[in-house]
Every structure is written in structure tokens, then in C-alpha cells.
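Residue-level structure breakdown
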Amino acid sequence: MSVLTDLIYGGSNAVAGLTEGAVNDAIAKYGAEKEIAFPDTAYFFPTIYAATGVKVTKLGDLPACVGVLKSLITNQEDLNQALNAGLATAVGAEILEGLKYVEPKDAYEQATVPGIGFVPDPIIRSLGVPLVTGDIPGVAVVLGKAENAEDVAKVVKDYQSKGIMTFMVGDVIEQCAEAGVKMGLELRVIPLGHDVTAVIHVVTVAIRAALIFGNVQPGDLAGLLAYTKERVPAFVNTFGAIDNVVVSAGAGAIALGFPVVVDIDLGENQVPGALESCTDHNETVKKSLELRGIKIKSKELPIPVAFAAAFEGEIIRKADMKVEFWSAKNTTCELVLMKNADEVEDHKITVEGPDIDSGDLEYALATVVEVYGKKMQADFESVIERKIHAWFNYMEGVMHTGQRNQFRIRISKDAYDKGLRLRHFGEVLYHMIMDEFDAVVDKCQITLITDPVKATAFLNDVALPRYNMRDDRLASMTDESVDRFYTCILCQSFAPAHCCVVTPERLGLCGAVSWLDAKATYELNPNGPSQPILKEGCLDERTGRYTTVNEAVKNATHGAVEAVTLYSIMEDPMTSCGCFECISGIEPMSNGFIVVNREYAGMTPAGMTFGELASCTGGGVQTPGYMGHGRHFISSKKFIHAEGGIERIVWMPKELKDDVGEKLNKTAKELYGIDNFTDMIADETVCTDCDALMEFLQEKNHPVLGMEPLM
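In short, a report on the structure. (Residues numbered from 1 in each chain as written. Predicted model: local features only at pLDDT ≥ 70, side-chain atom pairs only at ≥ 80, totals over all residues. Heavy atoms only, no water.)

Thoughts on the sheet that holds strand E17 (residues 532-534)
Worth spelling out the cut-off: Note on pairing: two strands pair once DSSP finds at least 2 bridges between them. Helix and strand labels come from DSSP, where a helix needs a run of H or I of at least four residues and a strand needs a run of E of at least two; each type is numbered from the N terminus. Here, axes are lines fitted to C-alpha atoms. For helices the fit covers the stretch in contact, and angles between N-to-C directions go from 0 to 180 degrees. Contact criterion: two residues are considered in contact whenever any of their non-hydrogen atoms come within 4.5 Å of each other.
What the three strands build is an open sheet, ordered E16-E15-E17; its pairing is antiparallel. Each end of this open sheet is capped by a strand with a single partner; those strands are strand E16 (500-502) and E17. Neighbour-to-neighbour, the strand axes of the sheet open up by a mean angle of 35°, direction not taken into account. When strand E15 (residues 484-488) meets E16, the two strands line up antiparallel, connected through three bridges. Each bridged residue has a counterpart across the sheet, and for Tyr486 the counterpart in E16 is Val502. With respect to the sheet, helix H18 (residues 515-524) is in contact with E15, E16 and E17, its orientation differing from that of E15 by roughly 75°. Most of the contacts of helix H19 (residues 547-556) go to E17, to which it runs at about 150°, and overall it touches E15, E16 and E17.

Thoughts on the packing of helix H14 (residues 380-393) against helix H16 (residues 422-436)
To keep it simple, the criterion reads: Geometric relationships in this document are graded by angle, where less than 35 degrees denotes roughly parallel, more than 145 denotes roughly antiparallel, 65 to 115 denotes roughly perpendicular, and other angles denote oblique. Rotating anticlockwise by less than a right angle from the far helix to the near helix defines a left-handed crossing, while the corresponding clockwise rotation defines a right-handed one. For this classification, Asp, Glu, Lys and Arg are treated as charged, while Ala, Val, Leu, Ile, Met, Phe, Trp, Tyr, Cys and Pro are nonpolar and the rest, including Gly, are polar.
Their axes nearest at 10 Å, the elements H14 and H16 cross at an angle of 125°. Considering their axes alone, H14 and H16 lie oblique with respect to each other. Read as a crossing pair, H14 and H16 show a hand that is right-handed. Taking contact as the criterion, the partners of Ile384, Lys387, Ile388, Trp391 and Phe392 in H14 are, on H16, Phe425, Val428, Leu429, Met432, Ile433 and Glu436. Split by residue class, the contact of H14 with H16 holds nine nonpolar, no polar and two charged.

Structural notes on the sheet that holds strand E6 (residues 275-277)
Spatially, E3-E2-E1-E4-E5-E6 is the arrangement adopted by the six strands of the open sheet, whose pairing is parallel. The open sheet has two edge strands, strand E3 (189-193) and E6, and neither has a second partner. Within the sheet, the average angular offset between the axes of one strand and its neighbour, ignoring direction, is 20°.

Examining the packing of aromatic side chains
To keep things clear, this is the line we draw: Only the six-membered ring of Trp is used, alongside the rings of Phe and Tyr, when aromatic pairs are assigned; centres must lie within 6.5 Å, and planes under 30 degrees apart are stacked while those over 60 apart are edge-to-face, with the rest tilted. Type-normalised accessible area, obtained with a 1.4 Å probe on protein chains alone, sets the label of each residue: buried when under 20%, exposed when over 50%, and partly exposed for intermediate values. Criterion for a charge above a ring: Lys NZ or Arg CZ within 6 Å of the ring centre, and within 35 degrees of the ring normal.
Inspection of every chain in the model, using the stated rule, returns 17 aromatic pairs. Ring centres 5.8 Å apart and planes at 65° place the aromatic pair Phe213 and Phe494 in the edge-to-face group. Residue Phe213 is found in the loop between helix H10 (200-212) and helix H11 (221-231), and its partner Phe494 is found in the loop between E15 and E16; the two are separated by 281 residues along the sequence. Arranged with centres 6.3 Å apart and planes meeting at 75°, the rings of Trp391 and Phe437 form a pair that is edge-to-face. Placement of Trp391 in helix H14 and of Phe437 in the loop between H16 and strand E14 (443-449) is noted, with a sequence separation of 46 residues between them. With relative accessibility at 0%, the residue Trp391 sits in the buried group. Given the relative accessible area of 5%, Phe437 is considered buried. Against the face of Tyr416 rests Arg421, its NZ or CZ located 3.9 Å from the ring centre.

Some details on the pairing of strand E7 (residues 321-326)
Both E7 and strand E13 (residues 406-412) contribute to a ladder of five bridges, which runs antiparallel. The residue bridging Phe325 from the neighbouring strand is Ile409, located in E13. Here two bridges tie E7 to strand E10 (residues 362-363), and the two strands are oriented parallel to one another. Of the residues in E10, the one forming a bridge with Phe325 is Tyr363.

Considering H19
Those residues of H19 that sit buried are Thr548, Val549, Asn550, Ala552, Val553 and Ala556. Note on H19: the residue one or two positions beyond its end, His558, has a positive phi of about 55°.

As for the side chain of Arg421
Threshold: Any pair of nitrogen or oxygen atoms within 3.5 Å is treated as a polar contact; in protein, a donor-acceptor pairing is required on top of that, and neighbouring residues in sequence qualify only through side-chain atoms on both sides.
The topology assignment puts Arg421 in the loop between helix H15 (413-417) and H16. Within the local environment of Arg421, its side chain forms a polar contact with the backbone oxygen of Tyr416, the two atoms lying 3.0 Å apart. Ignoring anything within four residues of it in the chain, the contact list for Arg421 reads Asp355, Ile356, Asp357 and Tyr416.

A closer look at the side chain of Glu276
Within the secondary structure, Glu276 sits in strand E6. On the basis of relative accessible area, Glu276 is assigned to the buried category, the value being 13%. At 2.7 Å, the side chain of Glu276 and the backbone nitrogen of Gly273 are in polar contact. One polar contact links Glu276 to Lys287, side chain to side chain, over a distance of 2.8 Å. Setting aside its immediate chain neighbours within four residues, Glu276 contacts Val260, Val261, Val262, Gln270, Val271, Lys287 and Leu291.

Focus: helix H3 (residues 62-71)
Convention followed: To obtain the arc, one takes the directions from the helix axis to the C-beta atoms.
Where H3 is concerned, the buried positions are Leu62, Cys65, Val66 and Leu69. Burial along H3 is one-sided: seen end-on, the buried residues are contained in an arc of 105°. Residues Ala64 and Ser71 are exposed on H3 and point more than 90 degrees away from its buried face. Buried residues along H3 sit in contact with helix H1 (2-30), helix H2 (46-52) and helix H4 (79-99).

Observations concerning the state of the cysteines
In plain terms, the rule: We call a pair of cysteine sulfur atoms a disulfide when they lie within 2.5 Å.
Overall, the coordinates contain zero disulfides when judged by the stated rule. Cys488 takes part in no disulfide bond, and the closest cysteine sulfur, belonging to Cys500, lies 6.0 Å away. Between Cys538, a cysteine without a disulfide, and Cys499, which holds the nearest cysteine sulfur, the sulfur-to-sulfur distance is 18 Å.

So, unusual backbone geometry
Phi angles above zero are rare outside glycine, and Asp572 is one such case at about 45°. With respect to the helices and strands, Asp572 occurs in the loop between H19 and strand E20 (582-587). Take Asp572: its relative accessible area is 29%, and that puts it in the partly exposed class. A positive phi angle, near 50°, is found at Asn676, a position not held by glycine. Mapping Asn676 onto the fold places it in the loop between helix H21 (654-672) and helix H22 (690-700). Take Asn676: its relative accessible area is 47%, and that puts it in the partly exposed class.

Have a look at this one:
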């Protein structure tokens, strides 16, 4: 083992010396009071903050951190001590990367090798849902320089086809780019940077997951290492020759619980389960997934292009587009219909009208999915229908936006050249419905109508009346009109102390789980993440406090949370995991609440950014006055109902206000008789401080000014 530990210590000592010199040089150049920060994070230097609790905000904070770093390097033969030296390398890498952000201009914008550098908090929060649902089953870190570029490109493409999120560091970025690997955050193949120290940017993703989702407290190093090992499904692949710095960085990964697979023969220096050789690149993916215990549910479909969640964010530019279906130019609609058994011929796929090889650029498209099942319910039609968006996007070379009769589909020239045609869209729908909804669907047939006359007739005669009927039913559904709510513990793989309670008027905080979704989830899997809560034992109608809800939440969180209210933000508010779309927080001066979406990076009148507000909640904690929630809960009549409802909203970012404005105005008119309520709500174009906010509210005569004090 001495060769391995010597390499680790050699690398960690080298990084320590480089870090100390860089810190001293930066202080000499800029001064100890020079502010330093990674962009768009509430967690300072995340590795240092999580491990020690120290908040690095200026250059003068770093010498003490270098001292801690050096103390971890004991040069002892013991492997565990050597792994601590690997953590020291991680700290050094974080400091070296952080120094790149001292100048106002981001160093990564000027780099000749493409790389995004630091991954902001909002991106990590946005990854929460696909990680817990398995759409992203694991995280790969690929670094080094392969002897043969095709080897690393093949491995990365394999990960992409399996939905694995892949971060790349070093020459492998250029090698994969030259081999035609599609990259970008939206494609889940992410180049971080050329320097080996850029690997820290994926390490901090894992570390912030512990802080954001797991409620791991800063300074709790043991809790941090336990969380990353048990709950972050990450691993490392190195390509080509490895030097002592790479080995030391690998030791840091192993300390976090991430196994490392190298493509050179380490002989007796291998550590089973933690550091292993795999010289056959055809086996790299298999070995890596096995070491991390990641199981991929194979989706081999009879289509000529790749199919994976990794392609969901792919954008097809007009120059790369072969054909388009767009509601702005032609009739479009998507509809799932429940039918009788004799009305459905299983696996029948019909195209009525021209296929995309007829020579046109634009087409009409009515996608008709007819299903039969003994346990099928009309309420499940819309649940299946919403999945069409994701399934079409999973096809490489296909972009789908919108839903119902307002959507846009683009097919790339590359996908067309590979043979993709409309019948393949039907195959995707058939196989995915029969796979994911097999508990309620026994037979399924697909009809794709491109004939413009037939498509328009179907839209007017069948689709629109069905949409309207559903909308009327949903509009009539209130928390009072049902006899049960549902739990949702999908996020417990990352946030073990959190449980959502989903009601007709309060969707899951991620924005992705409605009451109908939770109902369907329970029907599909009675032992799954959504369980019914009979609506009994009402203790307080105003706050929405029920004995049965408290019992369900206590059981679901294993006692971590004993009581929640459904309609209050001040009294036992519902917990959050960390992947919430928005957060509401108290603004004391106005006696109201601000609402911020995670995409907004600026300051708020509460004196905190989204990330700082979010650090007050998440991970299953209850903080009166702060609450994570979905976008569409804002316009609900039950939104902070106990505190006076939407009349308490005083500020939100313009993008969010524009998005929910129509429904919010409608609710305000129905409840309070207020016209154009959103005109009374300030945004960042008006103010970002509390004094200016008060002036605006007084000018608009906002109703919050006459409401009872919150505290």
C-alpha cells in the first residue's frame, strides 16, 4: 500500500504548496479584505463551509483554511489518514478554483478549453427531482486524457444513453467534442474545466446536496461523509496516465464514498470497492455502475435514435431542423382517451396523412392515444398525457415544448437521416405507456393525424371538449370536495426528514406532483411513495391541522416531523426537501411575504437572495415564516390561507409574476374583489430593498397595509 499512500501524499503536499503560494500572492496583490465568492451560491466555499463551518468571504479568511488543509496531511502509512490527505487536496482545489473568481470577469469565460466551472445552487436544486425519480440514476466524473479518444467518447455516450449525468475534467473534454459527443447542462454531459482542480466543482455539487437536501449542518464532517457515501450516487473514471495530484484527488473522492475506476493496471495497489482497475473500456461503464450499486432499467425501443432522459433538454435550432409541428402555424393537439376493450387494438399504430418524408417543412399533428384497462380511470388520462412531453424529448434529435393543443415539435436533420419517422413516435408512446402504466393499462393504440382537415376536426370535435370537461372537473376540485389527501416521499432518497402532503389545492413543492398524480401513483403502486391520508380529525380549519395528517407525516419521516399544517406558513409549516420551485419568506417591515423562484439570482427586499432564503428551510426542517412550494400553489385559494392568503404577497421577481399573474389576478378577484392585483405587487424593476418596497405599497394602497400583524 506504500506506493499508493506515497502518491496520495505527494499529490496533497504539492497541492498544499501551490495553494499556499497562490493565496499569499492573491493577498499581496489585492489585500486581505478583498471579497471572494463563487457565483450564485449561499454556501460560500462549500467544501470548507460544510466540513468546518467556516464562511470564506474575503481573501484574509483563506490562510487559516490553508492551515487546516496542511493539518490533514499527516504522511502516515494508514490508508484512512491518506484519504484525509485526499480531502486536503479537495480543499486546496476549492481554494485554487475560487481564486479564479477574484477578478470580476469569470476566468472560465476567457478559457480556451470550454468549461462551465462552478455549478450554481439553482442548478443543483433543479436536479433534485430527476435524481430522486431515477431520471438521473447516477453521476459520473470523467477526467484525464484517453490514449484513444474513441474510448472515452464511447464511455460518455453510453452514460448519456443511460441517463447518467456526466461531468468532465481535462483533455477528455476536447477528445469527446472532436468525437461528436453532444455536451451541455441540458444534455447532462457537462465540461467543467481543463485543470484537474476543476474536479472540485462536481465535489461541491455532492457537498451542497448534503446541505440543501439532507439538512447536514456545516461543520459536521462525519455527517457530511455519511450523506455523500449513502445518498449521492457518484463515481469517478480516470483515463490515461495518472500523476500524484490525480491520485490524491481520487483519494478525496473515495473519502466521500465515490469509487474510482482507472484504465491502467494498478496491480496490488487496488482497493476493492473503492479504487479498481478496468483496462477494457468495454467494461468501464458496467464496472462503475456495479461499484456504486446503480441499476439501470433498460429502455430498448424499436427506434433508430437514442432514447434517454439525458436528451430531454436538447434544443433543435432552426438551421438543424428537418420538420416542425407548431400550433402557431398548423393544428396540433395531444389527447389520451380511455376506451372500452373492444375499441382498442393493442399496439396498433396508424399515421393518417403524410409522414415527414413527404417533402414538407411544416405539418399538422394530432396525437391520439386510446387506452383500455380494467383499472383505468378517466382521471389518469391527463396524468399519462403529461408524460408525452418527456417521452418525445427523450428521443435524440427531437425537441418538444408545450402541451395539449399548444405545442411545438422539431425533428433534427440528423435524426431524420438516421431513419426517424412518425411511426417511431407511436412506438415510443406505446412502449412507455405499457411500461410505466402497466398496472392500469391493458391495451393501447396510437393514431397520429397529419392530414390538416382531419386533425382540425379531431381537435374541435373531440380534444377541446375533453380538455374543457377536465378543466371544469379540476376547477370544482377543492380540499373540501375530497375525502383523502396523499403523502409524497419521492424526495426521501435525498431528504430523509421530508414528506409532502398533496391536496387538490396544494401540489407538491417540486411542482411536478398534483393530487391526481399522487392518486395515480398510489393506484399504480399501492406500496409506493404516495399513500392516502383519510381526511379525519380536523383540529383547526384555519391552519389546516389534522390528526391523520400529523400521524401520516410522523410515520413517513420516522418521527423527524411530528406535526404540519396545510395552510399556514407561521405555524408548523410543511417541510421542504430542497428542490422547491419557489420559496416564500416573511418581509417584516411590510407585514407581508415575498415569493422568489429559484431562477432569480438577485437580491430581495428581505435582504436575502433565493439561496440564502432557501438555506432557512429545506432538508425537512420547519422554519416559521419560510416555506418552499410549487409555482402554481401561489394562485391557490389555500396559499398561506391562515395568514390572510395572497393579499400578503408584496414582492416577487417579474418573470414569476408574469408567469402566474393571470391565475393570481383571477383568485384575487374571486376572493377579495381586487382587479389586477399583480399591479400592486412589486418586483425587481421597482425595488430590491424594504424602504422602497414600503413606498411602493403605500402608493398602490396594497391591502397588506391594513392587515393584522403577523407577529
